[in-house]
Amino acid sequence: MRIFISFFILTTLIFSASSTAASVTTETEQARSIAMQLQQRLGQELKAGIQAGGPRAGIQVCKERAPEIAAELSQQHGIEVGRTALRVRNPNNAPESIHRDVLEDFIDRLADDPNQVPETWVTTDSGERHYLRAIVMQQQCVLCHGKMIGKPVQQALDEFYPDDQATGFAIGDLRGAFLLKFPLTND
Ligand code: HEC
């Protein structure tokens, strides 16, 4: 009986230790996977939009679909999914001060190791947990976020985003971050 009980305690301990470790990785993996879904879906629609109707259509796709896809993912996963940046195109994406600090830290981390995409968790004053993952400028982003913006793109940006701050970036720069806000839990 004693042996049975200690065996039971031992297996319980091992099980709970491994399940705690697993839940930590699972949460980051889940967050990462949701961020990747937003990236992929938006990337595909953006590419299709540009192919079908040029950069202006691409901008319209981003304007309409970025918030829609983010809202769909938010509903599907019961969290708030979006993007933020130090310099934003859409003012709705402006960072809170806690995110600003993270974004500034991401710039330093990217400078130290450009091959490692920075990601982190932060806890807000109210106890909400937020996951941020860096979005790095790629070749295909230069069209709308680069240093030399073509005339049709500039015209469309002026029309839809009169307060645009999101040009002037080079490949490899931090463009912004995926931002996932996990609701407060009672445990
Ligand atoms: C065809 C033009 C176009 C291209 C190409 C493009 N974007 Fe954007 N981007 C936009 C528009 C328009 C918005 C504003 C979307 C909105 O209203 O939510 C935006 C918003 C963003 C935001 C959200 C923060 C903000 O400034 O509001 C990030 C981050 C971003 N883009 C990164 C990228 C990256 C990385 C690439 C390349 C993989 C890219 N974009 C390619 C047009 C473009």
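To be clear, the structure that these remarks concern was listed above.
Summary of the structure given here. Everything numeric here is computed off the predicted structure, so don't read it as measured data.

With respect to the site of the ligand
Argument step 1. In the region of the ligand, 22 residues are neighbours, and Arg89, Cys141, Cys144, His145 and Tyr161 sit closest.
Argument step 2. A distance of 2.7 Å separates an oxygen atom of the ligand from a polar atom in the side chain of asparagine 93.
Argument step 3. Looking at the shell around the ligand, the elements that each hand over two or more residues are helix H1 (2–77), strand E3 (129–136) and helix H3 (142–145).
Argument step 4. The greatest single-element share of the shell around the ligand, amounting to seven residues, is contributed by H1.
Argument step 5. Split into classes, the residues belonging to the shell around the ligand amount to 12 nonpolar, five polar and five charged.

Description of the coordination of the iron atom of the ligand
Argument step 1. The protein supplies the iron atom of the ligand with one donor atom, His145 (NE2), which lies at 2.1 Å.
Argument step 2. Position of histidine 145 relative to the elements: it lies in helix H3.

Brief notes about the sheet that holds E3
Argument step 1. The antiparallel open sheet is built from four strands, whose spatial order is E1-E4-E3-E2. Each edge of the sheet is formed by a strand with only one pairing partner; in this case those strands are strand E1 (80–84) and strand E2 (119–123). Across the sheet, the mean angle from the axis of one strand to that of its neighbour is 25°, orientation sign disregarded.
Argument step 2. Inspection of the sheet shows E1 paired to strand E4 (residues 174–182) by five bridges, in the antiparallel sense. Its bridge partner being in E4, arginine 83 is matched across the sheet by phenylalanine 178.
Argument step 3. The strands that helix H2 (residues 97–112) touches are E1, E2, E3 and E4; relative to E4, the one it contacts most, it runs at about 135°.

Parameters at a glance
- Residues numbered from 1 in each chain as written.
- Predicted model: local features only at pLDDT ≥ 70, side-chain atom pairs only at ≥ 80, totals over all residues.
- Heavy atoms only, no water.
- Near = heavy atom within 4 Å.
- Polar contact = N/O pair within 3.5 Å; in protein donor to acceptor, adjacent residues only side chain to side chain.
- Helix = DSSP H or I, 4+ residues; strand = E, 2+ residues; numbered from the N terminus.
- Nonpolar A, V, L, I, M, F, W, Y, C, P; charged D, E, K, R; others polar.
- Donors = N, O, S within 2.8 Å, 3.2 Å for Na, K, Ca; no water.
- Pairing = 2+ DSSP bridges.
- Axes fitted to C-alpha atoms, helices over the stretch in contact; angles between N-to-C directions.
- Contact = heavy atoms within 4.5 Å.

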